[in-house]
Amino acid sequence: NSFVSRTNTCGELRSAHVGQKVTLYGWVQYQRQGLFLILRDFQGLTQVIIPQDEAHSHVKELLSRAPVESVVRVTGTVTPRPLGQQNPKMPTGDIEVKAETAEILNSCKKLPFEIKDFIKKSEALRMQYRYLALRSSRLQSSLRLRSRLVMRMREFLCNLHGFVDVETPTLFKRTPGGAKEFLVPSREAGKFYSLPQSPQQFKQLLMVGGLDRYFQVARCYRDEGSRPDRQPEFTQVDIEMSFVDQAGIQRLVEGLLQHSWPEERGSILTPFPSMTYEEALAEYGTDKPDTRFGMKIVDISDVLRGSNIHFVQNALSYPHGSIRAICIPQGVRYLKNKDLESLKESAKSQFNQEIMEIIRRPDGSLKSLLTKFLGEKEQSELIQALNMQEDDVVLLAAGEHKQVCSALGALRLLSASLLEAAGLALRDPTAFHFLWVVDFPLFLPKAENPTELESAHHPFTAPHPSDASLLYSDPTKVRSQHYDLVLNGNEVGGGSIRIHSAEQQRFVLEKVLKEDSEVLSHLIEALEFGAPPHGGIALGLDRLISLIVDAPSIRDVIAFPKSFRGRDLMGNAPDYVTPEELEPYHIQVAWPLEEKEAKKS
């Protein structure tokens with residue numbers, strides 16, 4: 001209550017305050033028949049008794065006609081609630097305040113929706129009136145937890161480990177590769193700034209500048225269009241260190257999260273487990289595995305190798321062919337036929353992957369189109385390899401290794417959601433399973449042209465020391481010093497040890513990625529002036545907070561988020577500007593015909 005004229009907040013009064021005269025400020029959450037109202041502020045609720053005597057008739061009239069969500073000041077005396085009227089669900093439920101004077105500071109007009117945590121109005125309406133949605137206790141709680149966590153992170157990095165908090169520019173130039181960047185026009189004809197996807201180049205240049213340890217709570221920008229649960233502007237906890245290796249960065253981040261972790265969410269154990277990219281793909285079908293539940297992908301190629309099933313033999317004849325499966329526990333009991341069909345259809349539409357199902361009956365026998373091709377020995381080995389129990393359902397896929405694993409990985413997650421919807425508890429929502437994924441490939445084939453390569457992480461990532469020579473002979477086989485931090489199946493951080501040799505950086509850009517290195521000449525030149533070995537990581541703050549508070553979307557932990565389509569529905573941005581405003585930037589808008597006609601009308 002420092003610096004303000006209230007004596008107390010609406011959430012702090014207790015029995016110990018009985019008899020005290022207090023002044024409260026807040027919003028009218030509820031008012032009942034001119035008898036009492038509930039006053040709310042950021043900290044909680046207090047019941048205010050409206051006086052009924054003639055001497056305070058003006059106070060009664062004022063408070064009785066105050067619309068819900070009006071801002072009022074109330075001065076009165078704290079009294080105990082009458083016996084039997086205490087409310088154990090309210091922290092202030094043992095007391096009430098008898099109003100003596102009051103003032104409506106600002107009356108509220110008719111609300112577009114009720115200020116509740118679980119309102120049924122559309123998200124678009126809540127984003128249009130974001131300042132009203134922010135009054136809900138859930139959003140308030142998430143934003144305050146976010147603030148506390150960031151403060152603890154600053155304390156750990158700056159006060160305990162000597163990091164320097166440095167602000168880097170948001171107006172820069174285009175970076176080759178990676179996500180699309182927002183362009184900002186300049187007054188020089190044809191020249192544009194770019195909003196950086198991350199402070200990547202600047203933090204490396206800070207290491208060249210000898211700062212040794214840098215961090216920043218950084219705003220980042222990516223023009224990714226309509227991607228679910230992504231934001232065009234987002235926040236990273238950005239970190240870079242000199243003279244560090246992968247293990248050093250990992251221990252730092254584990255310590256950082258342990259130090260800043262909210263007490264009410266329990267404790268987290270370190271060190272976090274680690275697995276390679278190849279292991280993650282083979283066992284979970286993804287590079288961000290949710291390790292809260294089993295249902296791992298199992299390689300059954302050897303079990304079926306001797307069978308005379310045509311599609312099995314066809315798959316195994318390819319260099320990277322394999323037969324793999326997942327076992328859905330109690331699938332017969334919890335999944336309907338339409339669920340199994342939707343799973344198979346999903347694999348077909350997303351991955352062009354056919355799926356066969358196998359069911360283990362209560363008598364122990366197998367039910368499948370495949371069983372007539374399998375002898376008793378093969379059936380027994382299959383049951384053993386997959387640890388099949390009664391009423392389990394197995395989904396089997398055959399084909400190219402990566403495609404098979406990716407399809408089964410997606411089906412694993414879909415199956416888990418279906419099982420949970422049917423009442424089987426699989427993933428503990430209060431559990432936090434961190435995991436390091438390491439040894440990613442340095443390069444991947446481009447989706448649009450598989451003969452060309454692109455960086456799996458970004459072009460500044462250093463090759464694995466064991467594979468450094470392969471960079472010049474067979475770059476497709478090179479592993480990187482790139483590491484991702486995964487939490488409950490979501491990537492919450494990514495980093496790498498960087499290339500600190502100008503020669504190697506130029507080779508990667510020009511010879512492997514076929515990029516114009518001139519765009520990065522400033523960085524390459526900097527590496528020629530005694531750049532130290534360095535590495536770092538960026539933690540996605542929005543995603544991390546949303547997982548900690550179990551929010552449905554990252555939009556629920558950002559004060560003023562953009563919509564699914566990247567629009568600010570409250571301020572109606574982006575918006576049109578006049579030709580006169582564009583003139584200094586040498587820009588003219590080429591309107592699509594239908595929009596030109598619409599503007600005329």
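Conventions adopted
Residues numbered from 1 in each chain as written. Predicted model: local features only at pLDDT ≥ 70, side-chain atom pairs only at ≥ 80, totals over all residues. Heavy atoms only, no water. Helix = DSSP H or I, 4+ residues; strand = E, 2+ residues; numbered from the N terminus. Buried < 20%, exposed > 50% of the residue type's maximum accessible area, 1.4 Å probe, protein only. Core = buried A, V, L, I, M, F, W, Y, C linked by side-chain atoms within 4.5 Å. Contact = heavy atoms within 4.5 Å. Axes fitted to C-alpha atoms, helices over the stretch in contact; angles between N-to-C directions. Parallel < 35°, antiparallel > 145°, perpendicular 65-115°, else oblique. Salt bridge = Lys/Arg side-chain N within 4 Å of Asp/Glu carboxyl O. Pairing = 2+ DSSP bridges. Domains from an automatic or database assignment. Phe/Tyr/Trp six-rings, centres within 6.5 Å; stacked < 30°, edge-to-face > 60°.

**A few points about the environment of Leu485**
Okay, step 1: Checked against the element boundaries, Leu485 lands in strand β20 (residues 482-487).
Okay, step 2: Distance from Leu485 to Val28, taken between C-alpha atoms, is 44 Å for residues 457 residues apart in sequence.

**Let's talk about the environment of Leu252**
Okay, step 1: Position of Leu252 among the secondary structure elements: in helix α6 (residues 246-260).
Okay, step 2: Relative accessible area serves as the criterion here: at 9%, Leu252 is assigned to the buried category.
Okay, step 3: Taking the C-alpha atoms as reference points, Leu252 and Val549, 297 residues apart in sequence, are found 23 Å from one another.

**What about the nonpolar core?**
Okay, step 1: Of all hydrophobic cores here, the largest spans 40 residues; its most connected members are Ile239, Leu257, Phe434 and Leu485.
Okay, step 2: Secondary structure elements with two or more residues in this core: α4 (137-160), β10 (233-242), α6, β17 (434-438), β20, β21 (490-497), β22 (534-540) and α17 (541-548).
Okay, step 3: At six residues, the largest contribution of residues to this core is made by α4.
Okay, step 4: Once residues within four sequence positions are removed from consideration, Leu485 is found in contact with Val253, Leu257, Phe272, Phe434, Leu435, Trp436, Asn490, Glu491, Val492, Gly493 and Leu539.
Okay, step 5: Within the second largest apolar cluster, 22 residues are counted, among which are Leu281, Phe293, Val393 and Leu395.

**Details of the packing of helix α7 (residues 277-284) against helix α13 (residues 401-421)**
Okay, step 1: α13 packs onto α7 with a crossing angle of 60° between their chain directions and a minimal axis gap of 7 Å. In terms of orientation, α7 and α13 fall into the oblique class. Only His401, Lys402, Cys405, Ser406, Gly409 and Arg412 of α13 make contact with α7, whose side of the interface consists of Tyr277, Leu281, Ala282 and Tyr284.

**Some thoughts on the pattern of salt bridges**
Okay, step 1: By the definition in use, this model includes 33 salt bridges.
Okay, step 2: Of the charged contacts, one joins Arg154 and Asp165 as a salt bridge, the two residues approaching to 2.5 Å between their closest N and O atoms. Of this pair, Arg154 sits in helix α4 while Asp165 sits in strand β6 (residues 164-165); the two residues are 11 residues apart in sequence, bridging distant segments of the chain.
Okay, step 3: Residue Arg154 is classed as partly exposed on the basis of its relative accessible area, which comes to 29%.
Okay, step 4: We note a salt bridge from Lys377 to Glu381, for which the minimum N-O separation is 2.8 Å. Residue Lys377 and its partner Glu381 are both found in helix α12 (residues 376-386); the two are separated by four residues, about one turn of the helix.
Okay, step 5: Among the residues examined, Glu381 registers a relative accessible area of 29% and is labelled partly exposed.
Okay, step 6: One network of salt bridges, in which partners are shared, links Lys203, Asp238, Glu240 and Arg498.

**Focus on the pairing of strand β3 (residues 45-49)**
Okay, step 1: Pairing analysis gives five bridges linking strand β2 (residues 36-40) to β3, with the strands arranged antiparallel. Directly across from Phe36, in β3, lies its bridge partner Ile49.
Okay, step 2: Where β3 and strand β5 (residues 95-106) come together, two bridges link them in parallel fashion. When the bridges of β5 are listed, Val48 appears paired with Val97.

**A short note on the sheet that holds strand β14 (residues 356-360)**
Okay, step 1: The strand order β12-β13-β16-β14-β15 describes an open sheet built from five strands, whose pairing is antiparallel. Two strands lie at the open edges of the sheet, namely β12 (298-299) and β15 (366-367), each paired on one side alone.
Okay, step 2: Inspection of the sheet shows β14 paired to strand β16 (residues 393-400) by four bridges, in the antiparallel sense. Counterpart to Ile359 in the pairing with β16 is Val393.
Okay, step 3: Running at roughly 5° to strand β13 (residues 321-328), α13 makes contact with β13 and β16 of the sheet.

**Here we look at the sheet that holds β10**
Okay, step 1: Across the sheet, eight strands lie side by side as β6-β9-β10-β22-β21-β20-β17-β11; this open sheet has mixed pairing. For this open sheet the edge positions go to β6 and β11 (274-276), each flanked by a neighbour on one side alone.
Okay, step 2: Across the sheet, α17 touches β9 (213-221), β10, β20, β21 and β22, and the angle it forms with β21 is around 140°.

**Quick word on the domain arrangement of the protein chain**
Okay, step 1: Examined at the domain level, the protein chain breaks down into domain 1 (15-106), domain 2 (139-275 + 433-556) and domain 3 (293-422).
Okay, step 2: Taking only C-alpha atoms, the centre of domain 1 and the centre of domain 3 are 63 Å apart.

**What about the packing of aromatic side chains?**
Okay, step 1: Inspection of every chain in the model, using the stated rule, returns 11 aromatic pairs.
Okay, step 2: Consider the rings of Phe172 and Phe202, whose centres lie 4.5 Å apart with planes at 55°: the pair is tilted. One end of the pair, Phe172, is in the loop between β6 and β7 (183-185); the other, Phe202, is in helix α5 (residues 200-208), with 30 residues separating them in the sequence. Here Phe172 and Phe202 have matching classes, each one buried.

**Digging into the environment of Met151**
Okay, step 1: Position of Met151 relative to the elements: it lies in helix α4.
Okay, step 2: Residues Met151 and Ser260 lie 109 residues apart in sequence; the distance between their C-alpha atoms is 8.1 Å.

**Points about the pairing of β10**
Okay, step 1: Most of β10 sits inside the fold, with nine of its 10 residues counted as buried.
Okay, step 2: One ladder, built from nine bridges, connects β9 with β10; its direction is antiparallel. What sits directly across from Val217, in β10, is Val237.
Okay, step 3: As judged from the seven bridges shared by β10 and β22, these two strands associate in the antiparallel manner. Paired with Asp238 across the two strands is Ala538, which belongs to β22.

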